[in-house]
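# Close look at the chain arrangement
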Amino acid sequence: MKKFLRRIYTLSALLAVFALTAQAETTAHGEILWDTYGVPHIYGKTEAGVFYGFGYAQTQSHGNLLIHLYGESRGRASEYWGKEFLTSDQWVIINHIHERGEEWYKAQTPQFRADMDAFAHGINDYAAKHPDAIDPAVKVVLPITGVDIIAHAHRLTNYSYVASQARILGGGGVAGGSNAWAIAPSKSASGHTLLLANPHLPWAPGQLTYYEAQLEGPGIHMYGATQVGLPVLRFCFNNDLGFTNTVNQVIGDTAYKLTLADGGYMFDGKVLPFKTEERTIRVKQDDGTVKDDVITIRSTVQGPVFVKPNGDTIALRVAGLDRPGMLQEYWDMGKAHNFEEFQAALKRVQVPTFNIVYGDRQGHILYIYNGVVPIHPDGDFKYWRTDVPGDTSSTLWTKIHPYEDLPKVIDPPTGFVQNTNDPPWIVTWPSPLKPADFPAYMAPLTGVTMRSQQSVKLLMSKPKLTYDDFVEFKFTNHALLADRMLPDLLAAAASSDDPNVKDAAAVLKNWDHVFNPESKGALLFEMWASRFMGRNFMSEANFAKPFSLKDPVETPTGLKDPVAAVKMLGDAAIDTRKQFGLLERPYGDFTKFRAGEVSVPAGSGSGSIGIFPSMIFGPFGKGGTRDAISGETWISMVEFTTPLKAEGLMTYGNSTQPGTKHRSDQVALLGERKLRTLWMTRPEIERHLEEETPY
């Protein structure tokens, strides 16, 4: 009996060893803990293991979108999915995006090449293990390589954000914006730095869709978000510091208008021949067959040649094509532990565009008008934003401004920096940055919006801000335009005998200037503002005093023609009744946040009328309602306390895969103007654990 029991014990021990061995093998590289909001918390045993887990996680959450984007970045989307992608493929191929991706991949350090390969490996492994989870239409792109990762990042930044197809040729491109705040301890009631990251971009799934994740590994402790397909966090914080991005006006490309002559182009008084090469684009037809479309690529001393919709022939020159280190720079920014390390990464100037706002535990804050900016001998911003003469070497730039030349504010006495995509002239107030101190082409002298002015006013409204103030101000739907214009408008309307004007004035007099779901008067005011400033709320033609850099926080202002403004109010009242039935219908009855199948009453509105949490809504549909199409996406609010305090929201959810429950599980919080705790410690995560994936 004892011998039998010993055998049983021995067998049990062996089975336990085998089980532990199997577990060790399945967790050889790490594990992903998925919380109840579908956020992956990736624990890698090596740096490459972290990247593998991140690629695996992105594929589980956004696999169809992710793989599709890589197919587009190869310039083979029309081969995979049809002629509707031909224009996109032409853009990729003529600009040699994927070929440059191959060159840039080779230029990475051995470690970072291994990281890119590991990220791609994670994508491929997920697709292989879960074949039914991936749309058969995108499987043709597999397997993904490290080159695909680099090429996608290159396409997104250099050829969507910097030299967008939309601006150059009228095709697809990037439209979006962001909010960012960094509050120094001197302006924080707790004495701790505060940081807001808040990009505003389209809600429809695409190359601008954001993804939230935590990355943990040897020397790696990061939380934040990035755009789907990128292997690094672009919006990131760790226990010591954090940073965020906003779209800026950096001109990193030039369109040269060519003078054609004798089959070539004029340059410095001579006729030069085009360099030409032929490329074949395979195009899938409606019947499933594939046909070849042969294109001839012409190039000049400036760059590849395009014909614009107006018939002009241009050559496109893009800055930063010799700078393959953008992803590495972001990675090192996230790994930094103090301002010196962070600034050392920034000084490489590998990220081709974006303002960067930073804050850290030590109390440092930073704003930089970051980007790869060509050095020009003369010319202002407007000159270099339009097509410039391509027949002379005098306009051909060859050098780039170093880090030291870029507008920046470090640890200002005001205690804050902010940006809402505007030029750098009011990132803090009073501002130490003066346009005269920089080349005229560096940034525009106009373009400061009421959203930026509202941002400054909110941050200056109290000498010190509590964390609760920080959150309350971030979610305020107060319209600065209403504060600025309604006193004059209501005074002018007081003498009107028009019953529509009288009714409208009575409603707006009782309105609190807020665009919350329950607000009555917001719909009417928006209807008037769309007449006063145009459909996109961008025109200053009806203001008595237009925007001026001499008074950049309080202009534009005043009614240029009070009689006309009052008539606009009467017309707005008529249209509001026609559209909504009554003048005082709650804003959220007709304006919605929708993600997946969930729709909730919305607040917010256009940043151009001074609403800080800017949203763009689509047209009113047959049911009389409209949905958000762009605006609030990723939100993180961090206070560098001990332990770190962090809250956030991924407004449209953290997954787009069919059948996911994480497409619409956060949109109600946005409607209620609430944040969720960002779980960062393992015990917290395990208390809210939905799934565990060893790898």
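A brief structural summary.

Parameters and conventions
Residues numbered from 1 in each chain as written. Predicted model: local features only at pLDDT ≥ 70, side-chain atom pairs only at ≥ 80, totals over all residues. Heavy atoms only, no water. Helix = DSSP H or I, 4+ residues; strand = E, 2+ residues; numbered from the N terminus. Rg over C-alpha atoms; globule rule 2.2 N^0.38 Å. Contact = heavy atoms within 4.5 Å. Areas by Shrake-Rupley, 256 points an atom, 1.4 Å probe, with all protein chains shown as cover. Lys, Arg positive; Asp, Glu negative; His and termini not counted. Charge placed at Lys NZ, Arg CZ, Asp CG, Glu CD. Pairing = 2+ DSSP bridges. Axes fitted to C-alpha atoms, helices over the stretch in contact; angles between N-to-C directions. Buried < 20%, exposed > 50% of the residue type's maximum accessible area, 1.4 Å probe, protein only. Phe/Tyr/Trp six-rings, centres within 6.5 Å; stacked < 30°, edge-to-face > 60°. Salt bridge = Lys/Arg side-chain N within 4 Å of Asp/Glu carboxyl O. Polar contact = N/O pair within 3.5 Å; in protein donor to acceptor, adjacent residues only side chain to side chain. Parallel < 35°, antiparallel > 145°, perpendicular 65-115°, else oblique. Nonpolar A, V, L, I, M, F, W, Y, C, P; charged D, E, K, R; others polar.

Here the focus is the overall build of the chain. Check the secondary structure of the chain and you find 19 helices and 31 strands. What you see for the chain is a C-alpha radius of gyration of 27 Å, in line with the 26 Å of a compact globule of 695 residues. The dimensions of the chain, computed from C-alpha atoms along their principal axes, are 105 × 75 × 55 Å. Long-range pairs, those at least 24 residues apart, make up 70% of the contacts in the chain between residues at least 6 apart in sequence. Surface accessibility of the chain: about 27300 Å² in total, with carbon and sulfur atoms responsible for 54%. Each charge sign in the chain was given a centre, from 67 positive and 76 negative side chains, and these centres are 2 Å apart.

Let us look at the sheet that holds strand β8 (residues 241-246). In spatial order, the strands read β20-β18-β17-β8-β7-β6-β5-β2-β1-β31; together these ten strands make up an open sheet with mixed pairing. Only two strands of the sheet have a single neighbouring strand rather than two, namely β20 (408-410) and β31 (689-694). Strand-to-strand twist in this sheet, taken as the mean axis angle between neighbours without regard to direction, amounts to 15°. Note: strand β6 (residues 220-227) against strand β7 (residues 235-237), three bridges, orientation antiparallel. Paired with Gly-224 across the two strands is Cys-236, which belongs to β7. With respect to the sheet, helix α9 (residues 326-335) is in contact with β5 (210-217), β6, β7, β8 and β17 (355-360), its orientation differing from that of β8 by roughly 145°.

Extensive coverage of strand β28 (residues 634-639) is indicated by the burial of six of its six residues. Burial of the side chains of β28 extends over both faces: Trp-634, Ser-636 and Val-638 are buried on one face and Ile-635, Met-637 and Glu-639 on the other. Where strand β4 (residues 194-202) and β28 come together, four bridges link them in antiparallel fashion. Bridge pairing links Leu-194 to Glu-639 in β28. In this structure, β28 lies alongside strand β29 (residues 645-650), joined through six bridges in antiparallel fashion. When the sheet's bridge partners are listed, Ile-635 is paired in β29 with Leu-649. Taking the residues between adjacent antiparallel strands as the criterion, β28 and β29 are bridged by five residues.

Time to look at the packing of aromatic side chains. Per the stated rule, a full pass over the model turns up 36 aromatic pairs. When the ring of Trp-511 is compared with that of Phe-515, the centres are 5.6 Å apart and the planes differ by 70°; the resulting orientation is edge-to-face. For Phe-515, a relative accessible area of 0% gives the class buried. Taken together, a centroid distance of 5.2 Å and an interplanar angle of 40° make the contact between Trp-511 and Phe-525 tilted. Of the two residues, Trp-511 sits in the loop between α15 (499-510) and α16 (522-532) while Phe-525 sits in helix α16, which places them 14 residues apart along the sequence. What makes Trp-511 buried here is its relative accessible area of 5%.

Where charged atoms from two side chains of opposite charge approach closely, those side chains can pair. Under the criterion given, the structure shown has 28 salt bridges. Here Glu-72 ties to Arg-155 by a salt bridge, and the two come within 3.0 Å at their closest N and O atoms. Of this pair, Glu-72 sits in helix α2 (residues 47-73) while Arg-155 sits in helix α7 (residues 146-162), and the two are 83 residues apart along the sequence. We note a salt bridge from Asp-571 to Lys-567, for which the minimum N-O separation is 3.0 Å. Of this pair, Asp-571 and Lys-567 both sit in helix α17 (residues 562-580), four residues apart, roughly one helical turn. Take Lys-567: its relative accessible area is 55%, and that puts it in the exposed class. Salt bridges sharing partners connect three or more residues here, namely Glu-31, Arg-682 and Glu-686.

For sheets, the rule is that strands pair by backbone hydrogen bonds, running either parallel or antiparallel. Taking strand neighbours across the sheet as the criterion, the four strands line up as β15-β16-β9-β19 in an open arrangement whose pairing is mixed. At either margin of the open sheet sits one strand with a lone partner, and together these are β15 (305-307) and β19 (388-389). As paired strands, β15 and strand β16 (residues 313-318) are joined by three bridges and run antiparallel to one another. Paired with Val-305 across the two strands is Ala-315, which belongs to β16.

In this section: the environment of Thr-386. With respect to the secondary-structure elements, Thr-386 resides in the loop between α11 (381-385) and β19. Assessed through its relative accessible area of 42%, Thr-386 is described here as partly exposed. Considering only alpha carbons, one finds Thr-386 and Thr-254, 132 residues apart in sequence, at a separation of 8.0 Å. One polar contact links the side chain of Thr-386 to the main-chain carbonyl oxygen of Tyr-383, over a distance of 3.1 Å.

Attention shifts here to the pairing of strand β12 (residues 270-273). Taken residue by residue, a regular strand's side chains alternate between the two faces of the sheet. In the sheet, strand β11 (residues 264-267) pairs with β12 via four bridges, with the strands oriented antiparallel. Bridge pairing in β12 links Tyr-265 to Leu-272. Connecting β11 to the antiparallel partner β12 that follows it, the hairpin turn spans two residues, and Asp-268 within it adopts a positive phi of roughly 50°.

The contact between helix α12 (residues 450-460) and helix α14 (residues 480-493) brings their axes to 9 Å, and the two run at 100°. Relative to α14, the element α12 is oriented roughly perpendicular. Packed against α12, whose contacting residues are Met-450, Gln-453, Gln-454 and Lys-457, the element α14 presents Leu-480, Leu-481 and Arg-484 at the interface. Here the contact of α12 with α14 is built from residues that sort into three nonpolar, two polar and two charged.

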